[in-house]
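So the chains spell out like this:
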Amino acid sequence: MGELIDALAVALKAGLGFQAVFLALLAIGINVQFGYTGLLNFGQIAFAMLGGYGIAISVSQWGLPFWVGVVVGLLAAVVLALLLGLPTLRLRADYLAIATIAAAEGLRLLFRSVSATPVTAGTRGLSGFNADFVALAPWDTSRQYPILGTRWSGAELWVTTVGWVLVALSCLLIWLLVRSPWGRVVKSIREDEDAVRSLGKNVYVYKMQALVLGGVLGALGGMIYALGTASANPDQYQNANTFLAYAALILGGAARVLGPVVGAMLMFFIIQFADTGLRTLIGNGVIPEDLLSATDVAQIRFVLIGLGLMLLLVFRPQGIFGDRREVMLDAR
Amino acid sequence: MLLRLLLLTLLGGLALTLAPGTAAAQTEEPTATEQVSGTLRTNVSGPVEGVEVVVTTADGTEVDTVETDENGQWAVPVPGPGQYTVTINAEDLPEGVVLTGENSRTVTVDAGRNQGVIIALSDGSREAGGGTVRWIQLLVEGLRFGLLIAMAAVGLSLIFGTTGLTNFAHGELVTIGAIAAWFINVQGGVPLIPAALIAMVIGAGVGALNELAIWRPLRRRGTGLVAALVISIGLSLLLRYLYQIIFGGGSEAYADYRGQRAVDYGPFTMTNADLASIVIALVVLLLVAVMLQRTKIGKAMRAVADNRDLAASSGINVNRVILVVWMMGGALAALGGVLLGLSDEVQWDMGFRLLLLMFAGVTLGGLGTAYGALVGSVVVGVFVQMSTLVIPNDVKYVGGLLLLIVILIVRPQGILGSRVRVG
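Residues numbered from 1 in each chain as written. Chains lettered and ligands numbered in written order. Predicted model: local features only at pLDDT ≥ 70, side-chain atom pairs only at ≥ 80, totals over all residues.

Novice: What is the right way to read the overall build of chain B from this model?
Specialist: Tallying secondary structure elements over chain B gives 14 helices and 15 strands in all. The 423 residues of chain B split such that 56% are buried. Within chain B, counting contacts between residues at least 6 apart in sequence, those at least 24 apart form 74% of the total. (Helix = DSSP H or I, 4+ residues; strand = E, 2+ residues; numbered from the N terminus. Buried ≥ 20, exposed ≤ 12 C-beta atoms within 10 Å, placed from the backbone. Contact = placed C-beta atoms within 7 Å.)

See below:
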């Protein structure tokens, strides 16, 4: 019983921690693109990587102040969105999907390559760039704080707090945007692009704006992640994370302001609970070691995400809060 | 990681020793004690056995001396984090294999890390061949790689053409072929050629299962194409990590045909296994082309891909054609996986890494056309290999992915695609 409560506490921490913020911001970005506008961005993690590395490279390689790093990360995300959007937004939805996933994988390979090592430090990654940020915390960051049965370090608590504030602000922004004329145009693009075009709207520009906005939100997520882990390593930004965010978005409900946030929290809670639970069961010998070893547990989470994503789309594409009629699930 | 490094350096001309194998593959679970390790091999003559490796601390005290095993691997546990110098005895190298640079490397070992050490070797037989021209060598290797991509991509393109599905789980069909053949070959002791045939049957079976268990019911439910695409991503994640649990995160070679020496053909050199895989790929693709062109089912496939409703109304059993496409695609992808595993070793995510190049090939050739996928994939393979003439080896995939984006700007319908502007 005690172990169950422990597992719940650990899972709760994960559901509220900076990883959940990271996922939530990625998913909010995808919500703008996929949920409201109907764009398939499968390279969201690349935006996060640019955000994280924007800070990491600026601060620890170039010695620039922290805030400059934030600006660099955001600018890099905008540039990537423009580069990807220019050729593909006029084409069918799956072209954007292929181009974005290719860009994300390509960028990751580039960042971890030997030739990029002088800038990105290759597979070793960068660290030691969050001191300025942590110093902004209004409390003592070297202490440990017990909250809800788990211990949080002061720095972790600070990153998480800032992260949730960012999430709240993003949600407010999205809420205002989708109620505005801009939001109505974007939603109509999702429903029927040709109709919008015939009303004289420049569909291309609206799609591009959605892509950039979503990418910037993804970059913010990447920054929180890099600050939370205090390191930036290309292999933290695997493609699977993009699909983790998709799963979170669809779980919570696409085209709903709070859908991605609830989805991300739930997702991390479930993953961490399954993780800790499985490890405990293996440790207790309830699950025999040769059926599933403790090292396999890390992979199980992706198996579960894949399965969950499939089942959700087949049986409940609108997720928890969504409206079935509003979920863009048809190709154009 | 080992594999990826290997793969990336494979064509570089220089053969390489490969090292951070364990380092990257196992970063999640650091070893309890620090060690340095590596693999001595060249991509032409394979692993180098029996070379003395001496590890010393920064102040020159010897830690240990070991010899590389039959896989060219060596590992030395070190007393703690710090700087170590790894030196190999160049006199132990077999004839024809020479050092590319220094015979020693100094590395820093972090706490709990298994630090890989790369000592670059090159196969002297290549220089000995005289007429070796680098661009011809790369062209030939690119052709081999492109034909592998093509074999896997034909199915991807035909599935797209007949059902409209952008199948992100197609790479997993490639991996299943490679892994199935590995289990049959290495664990089961069956020679590789029958093992590859069984793997193709398994691939066809998995393809059929895909269609019957997932995609046909979903089409019947009227699931949209975007939903189907996301479902295929879910399937891809599910299978990929399942493979990792079953197969492990490392890379493994088949029991047969390993460590072959390259044969000199004048302007280029190539192992017999690579030559065989080119021939096999050519023959198989030719058979596919003949089938598409001459047989009834082949014509039906092209008809369905061209216009599904028209095909159905002229009496073609569309569902049966789609099933055959899936089985054929699965078998071809599995064979491609075996051949890729033969040249680059088997790894749990090999298919997913190939997937993006398949997309590049298919997009270049024209989504949905069978011949387009062939032409496009070969072009992509050659482009990726030849690009190492100007860009470093470990970013050559980036070049391939950039090509994909450029194609989308210049000619989104591809070389052989029809000029329909969509969106």
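On we go.
Novice: How do you make sense of the overall build of chain A when you look at a structure like this?
Specialist: Scanning chain A from N- to C-terminus turns up 14 helices and four strands. Whereas a compact globule of 332 residues would reach a radius of gyration of roughly 20 Å, chain A reaches 20 Å, a difference of no more than 12%. Along the longest, intermediate and shortest principal axes, the C-alpha atoms of chain A span 65 × 50 × 40 Å. Evaluated residue by residue, chain A yields a buried proportion of 51% over its 332 residues. (Rg over C-alpha atoms; globule rule 2.2 N^0.38 Å.)

Novice: Would you explain unusual backbone geometry in this entry?
Specialist: Peptide bonds are, in most cases, trans, and in most cases residues other than glycine have a negative phi. One non-glycine residue with positive phi stands out, namely A230(A), at about 60°. For A230(A), the location among the structural elements is in the loop between helix 11 (203–229) and strand 4 (231–232). You will see that E345(B), though not glycine, has its phi angle at about 70°, which is positive.

Novice: Explain the sheet that holds strand 10 (residues 114–116) of chain B to me, please; I cannot follow it from the model alone.
Specialist: To summarise the sheet geometry, strands pair through backbone hydrogen bonds and adopt either a parallel or an antiparallel arrangement. All names here are of chain B. Spatial strand order, 6-1-10: three strands in an open sheet with mixed pairing. The open sheet has two free edges, formed respectively by strand 6 (73–77) and strand 10, since each of these has just one partner strand. The average angle at which neighbouring strand axes cross in this sheet is 20°, direction not considered. With five bridges connecting them, strand 1 (residues 35–39) and strand 6 associate as antiparallel partners. (Pairing = 2+ DSSP bridges. Axes fitted to C-alpha atoms, helices over the stretch in contact; angles between N-to-C directions.)

Novice: Sorry, what's going on with the interface of chain A and chain B here?
Specialist: Often, the extent of an interface is quoted as the loss of accessible area upon association of its parts. Chain A puts 46 residues into the contact, and the matching count from chain B is 38 residues. Elements supplying a minimum of two residues to the side of chain A that touches chain B: helix 4 (66–88), helix 5 (93–111), helix 12 (240–252) and helix 14 (297–315) of chain A. Here the element with the most residues in the side of chain A that touches chain B is helix 5 of chain A; it accounts for 13 residues. Class assignment for the residues of the side of chain A that touches chain B results in 30 nonpolar, eight polar and eight charged. (Nonpolar A, V, L, I, M, F, W, Y, C, P; charged D, E, K, R; others polar.)

Novice: How should the pairing of strand 4 (residues 52–57) of chain B be read in this particular structure?
Specialist: If a strand is regular, its side chains alternate between the two faces of the sheet. Residue and element names in this part refer to chain B. Two elements, strand 4 and strand 5 (residues 62–67), share five bridges in a ladder whose sense is antiparallel. From the neighbouring strand, T56 faces strand 5, where its bridge partner is E62. Pairing of strand 4 with strand 7 (residues 82–88) involves five bridges; the strand directions are antiparallel. Looking across to strand 7, one finds that V54 is bridged to T87.

Novice: Please clarify how the nonpolar core should be interpreted in this entry.
Specialist: Soluble globular proteins: nonpolar side chains tend toward being buried together. Counting residues in hydrophobic clusters, the biggest one holds 211 residues, and the most contacted among them are L23(A), L309(A), M151(B) and A152(B). Top element by residues in this core is helix 11 (residues 318–344) of chain B. It accounts for 16 residues. Ignoring anything within four residues of it in the chain, the contact list for L23(A) reads L244(A), A245(A), A248(A), A264(A), M267(A) and F268(A). (Core = buried A, V, L, I, M, F, W, Y, C linked by C-beta atoms within 7 Å.)

Novice: Is there a simple way to think about the confidence of the model for chain B in this case?
Specialist: Low-pLDDT portions of the prediction should not be read for the details of their coordinates. All names here are of chain B. Confidence in the prediction of chain B, expressed as mean pLDDT, is 79, and 82% of residues score 70 or more. Here residues 1–31 scores under 50 on pLDDT; set against residues more than four positions off or in separate chains, the count is 83 contacts. Low pLDDT, under 50, characterises residues 124–131; the stretch is placed with 18 contacts to residues that sit more than four places away or in other chains. Interface predicted TM-score (ipTM) for the complex: 0.82; the corresponding pTM is 0.76. (pLDDT = per-residue confidence, 0-100.)

Novice: Which parts of the structure should I look at to understand helix 9 (residues 296–306) of chain B?
Specialist: Given 3.6 residues to a turn, an α-helix orients residues that are three or four positions apart in the same direction. Every buried residue of helix 9 of chain B is listed here: A300(B), M301(B), V304(B) and A305(B). Along the axis of helix 9 of chain B, the buried residues cluster in a sector spanning 130°; they form a single face. (Arc of directions from axis to C-beta.)

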